[in-house]
Each structure stands twice: as structure tokens, then as C-alpha cells.
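# Reading the structure
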Amino acid sequence: MRMTLRFFIVLMLASVALAEPITIKFSHVTSSDSPKGKGAILFKKLVEERLAGRVEVEVYHNATLYSDANEMEALKNNQVQMLAPSLSKFGSYTDQFAIFELPFMFKNVDTLQKFWKKKAGTDLLNAVSNQGIVGLSFWSNGMKQIISNTPILVPQNARGVSFRIQNSDSIQRQFEMIGALPVQMAFSKSFQALKDGTVQATENTWSNFYGQKYHTVQKYVTETNHGVLAYMLVTNRKFWSSLPFDIKVELTEIVDEVSAYVNHEANKINEQAKESILATNQIKLLQLNDDQRQQWQHVFDPFYADYVKTIDSAIYLTAKNVNR
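Attention in this report is confined to the structure presented alongside it. Residues take numbers from 1 onward in each chain, read along the sequence in its written order. Selection of residues for local features in this predicted model requires a pLDDT of at least 70, selection of side-chain atom pairs for listing and counting requires 80 or more, and totals for whole chains, interfaces and linings are taken over all residues. Only hydrogens and water are set aside when side-chain values are computed; all heavy atoms of the structure are taken into account.

Before going further, it helps to examine the packing of helix α4 (residues 109-117) against helix α13 (residues 313-322). Axis angles are defined between N-to-C directions and span 0 to 180 degrees, where every axis is a line fitted to C-alpha atoms and, for a helix, only to the segment in contact. A run of H or I in DSSP counts as a helix once it spans at least four residues, and a run of E counts as a strand once it spans at least two, with each numbered from the N terminus. Where α4 meets α13, the axes come as close as 9 Å, and the angle between the chain directions of the two elements is 140°. In this view, α4 runs oblique relative to α13, as classed from their interaxial angle. The way α4 lies across α13 gives a crossing that is right-handed. Here T111, K114 and F115 of α4 lie close against α13, whose contacting residues are I315, T318, A319 and V322. We call Asp, Glu, Lys and Arg charged. Ala, Val, Leu, Ile, Met, Phe, Trp, Tyr, Cys and Pro are nonpolar, and the rest, Gly among them, are polar. For the contact of α4 with α13, the per-class residue count stands at four nonpolar, two polar and one charged. In these notes the angle categories are as follows: under 35 degrees is roughly parallel, over 145 is roughly antiparallel, 65 to 115 is roughly perpendicular, and the rest is oblique. Should the near helix be turned anticlockwise from the far one by less than a right angle, the crossing is left-handed, and should it be turned clockwise, the crossing is right-handed. Working rule for contacts: check all heavy atoms of both residues, and any pair within 4.5 Å makes them a contact.

Okay, structure coming up:
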């Protein structure tokens, strides 16, 4: 009996030792130097240090595995286990993420991060669980600016200008309101489109401008700070549920640590990218005065009137309050 029990224990230990490590494929569309890219690299490093032999992480930068046009479908099919899509990607699942697309809703990255820590913010991590998607954390990139081949200081300057935008109906409507010609396009295709003139402008953060080298094919950057670019770190629900309890606990702690790093570093990374771009003398910086900023804010009043109706009042009021 003892021999049988001992043999069984040895056999079990041997099977555990020979078990294949769990693989997490982490796909994203930005460069390795972006806040998201740095976060993905740190996640891989910490996982493979603390769960050595049990979990491996494969990071795919610059849409080398999936583009932002098909990454969500890949996640649902468990072809990739971790993504950090732009918050605009969740607008097709729930109206509540429209809070992040209201122009001039958040004054800066700090107010955005304060919102995430409130109950209304943390509740949004579960807003798409019925789609088989688990929200793990929010990651900041920075404030959105406009880069273009023609000077844009007031909304009227954007009339007739084609803008590459994310796949978002609410962002499309914003640009239509200022008379621009929005073109929904995968991020991975945006540089070439700007280079060959398929589009003449786009919005994004300084870090993404620099990472994609937009400044080498455009002439002007208008520092509008008109919106936030941020991500929700997500995983496949079935995959997450299948993980052993101790691994899930460790991964959760790592996600929290990496998220704190990304959100702390976002402003610094964008400032460094801004300095690097301007140091090339390849592009001219335009900054808004008070009157110009008010013109931008005023033109979006009808947009607010429509979208505020679809956002839960607790979410909207919490976002307003963090900006006071």
C-alpha cells in the first residue's frame, strides 16, 4: 500500500514537472517605446521572473500578430490571451465608454486616473464581461493632439481635411461636426496613408506620433489636449477562468504593479517624445490661445447633448467632479 501511494505521488510530481508552461500571447499595435509597449515588456519580465517555468509571455509589438481591426475577434477566439485596446474599441459593446470620447472631458492624465480609481471607473472593467472579455486594468497613454500637413488652429481650419481616425462611430461624428472628412483606418496603416496623402491629418499622442514617425511626413502639430488616449488591459474570460488559482493571484498582482508603472510613466514618455520630435526641426508646433480653445470646446456642445443621454449619470457626474 505504501509503495503504491509513494509511486502515485512520484508519478504526480513527475507529471507536474513535465507539464507545458501556460503561454500568454500579448499583442498590441504600438511601438515598444510607447507606454503600452513598455508596459507589455515589463509584464513579460515580471511574469517570467515570478512564474518561471509555469507561464511564458510572448509580446508582439507594432501589430505584427494582429492589427487593431481584428485583435478583438482574436481575443474572443482565444488566439491571443492579452490585449490593451484603445477604449474607443469598446464603444460597440456598451455606450458607457463614450465618457472617454467626450472632447475636453478630462483636463489631463491625472484627472483621468483619478476617475479610474472611483467606483464608477472600476465598474467599467466589468462592462464587457458578457462578451467573454475580462477587464484587468486601465492604462494611460496621454492627451491627444492633432498632426497635419496644413495648420489647424480653429475648427474651421479642419474643413475638408481628411483625418485618419480609430474605428469609432463617436469619433467619426466629432470630426464630421467640424467639417473634416474622417477615415476609419487601422493604426498600422496610418503612417503610409499620411505619407502618400490618402489622409492629411490624424489625432494621437506625442508618444505615438514619435513611435510611428508621423513627424517625418507631416508639417504641423497642434497641441490641443482635446481628448485622452487610454487602454483597457483585457483577457479572454474562459482562459482567465481556467488558470490555477495561485497563478491567477500572481498575475493579478503583476498587472497591478505594471499598471501603476505605465500610468506613472505616461506623462514622462510623452514629454520625451515631444522633445525628440521638436528637436528634429521637421515639424512646427502650434499652441492654442484661450479664444481658439473656447471655439473648439463650443463646437462640440451638440455632441455632449446627445452622448450624455446615453451615459450612466453616476459615470458622467464622477468624471465631471474629478475635473474640479
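That covers the picture; the talk isn't over yet.
Moving on: the pairing of strand β7 (residues 201-204). The side-chain alternation of β7 yields two buried faces, one formed by A201 and E203 and the other by T202 and N204. Relative to β7, strand β4 (residues 133-148) is paired through four bridges, and the arrangement is antiparallel. Counterpart to I147 in the pairing with β7 is T202. Exposure categories follow from relative accessible area, calculated using a 1.4 Å probe and restricted to protein chains: below 20% of the type maximum is buried, above 50% is exposed, and the middle band is partly exposed. A strand pair is defined by DSSP finding two or more bridges across the two strands.

In this fold, K119 is placed in helix α5 (residues 119-123). In this structure, the C-alpha to C-alpha distance between K119 and I315, residues 196 residues apart in sequence, is 8.8 Å. The definition of a polar contact used here is a pair of N or O atoms within 3.5 Å, where within protein one atom must be able to donate a hydrogen and the other to accept one, and adjacent residues in sequence count solely through side-chain atom pairs. A distance of 2.7 Å separates polar atoms of two side chains, one belonging to K119 and the other to D123.

Glancing now at the packing of helix α2 (residues 35-50) against helix α10 (residues 245-279). Packed helices, taken two at a time, are described by the angle their axes make and the gap between the axes. Interhelical geometry of α2 versus α10 gives an angle of 150° and a closest axis separation of 9 Å. Looking at the two axes, α2 sits roughly antiparallel to α10. For the pair α2 and α10, the crossing hand works out as right-handed. Between α2 and α10, the contacting residues are P35, K38, G39, L42, F43, L46, V47 and R50 on the first element and E250, L251, I254, V255, E257, V258, Y261, V262, A266, I269 and N270 on the second. Class assignment of the residues belonging to the contact of α2 with α10 gives a composition of 13 nonpolar, two polar and four charged.

It is worth spelling out α4 at this point. Within the sequence span of α4, burial applies to V109, T111, L112, Q113, F115 and W116. Buried positions along α4 lie against α5, β4, β8 (220-236), α10 and α13. Sitting at the head of α4, N108 places a side-chain oxygen 3.2 Å from the backbone nitrogen of D110.

Attention now moves to the side chain of K274. Within the secondary structure, K274 is located in helix α10. If sequence neighbours within four positions are ignored, K274 has contacts with W206, E223, L285 and Q287.

One side-chain nitrogen of Lys or Arg within 4 Å of one carboxyl oxygen of Asp or Glu is enough to make a salt bridge. As enumerated under the stated definition, the model contains 12 salt bridges in all. For K45, the salt bridge is made with E49, and the minimal N-O distance between the two is 2.9 Å. Taken together, the residues span about one helical turn, with K45 and E49 both in helix α2 at a distance of four residues. According to the relative accessible area criterion, K45 is partly exposed, its value standing at 45%. Overall, E49 belongs to the partly exposed group, its relative accessible area being 48%. Between E257 and R50 there is a salt bridge, and its shortest N-O distance comes to 3.1 Å.

Attention now moves to empty space enclosed by the protein. A 1.4 Å probe that fits but cannot get out identifies a cavity on a 1 Å grid over protein atoms alone, an open set with protein on both sides within 12 Å along at least five of seven lines counts as a pocket, and a residue lines either if it has an atom within 4 Å of a point. Grid points are joined across faces, edges and corners, and a volume is the space filled by probe spheres set on the points. In total, this model carries four cavities of 30 Å³ or more according to the counting rule given. Roughly 130 Å³ of internal volume is contained in the largest cavity. Looking at the largest cavity, it is lined by 15 residues, and the ones nearest its centre are V29, D68, S86, Q166 and Y231. Partitioning the lining of the largest cavity into residue classes produces five nonpolar, five polar and five charged. Of the voids in this model, the second largest cavity is the one considered here, and its volume is about 70 Å³. Lining the second largest cavity we find S86, L87, S88, F100, E101, K144, Q166, I171, V228, L229 and A230. Of the residues forming the lining of the second largest cavity, the biggest block, three residues, is contributed by β8. Looking at the lining of the second largest cavity, its residues break down into six nonpolar, three polar and two charged.

Further remarks concern unusual backbone geometry. Of note in this structure, A63 is not a glycine but carries a positive phi near 60°. Along the polypeptide, A63 turns up in the loop between β2 (55-60) and α3 (71-76). A residue is classified by how much of its surface remains accessible, and A63, at 18% relative accessible area, is buried. Phi angles above zero are rare outside glycine, and K213 is one such case at about 60°. Mapped onto the elements of the fold, K213 is located in the loop between α8 (206-212) and β8. Exposure remark for K213: the relative accessible area of 48% places this residue in the partly exposed category.

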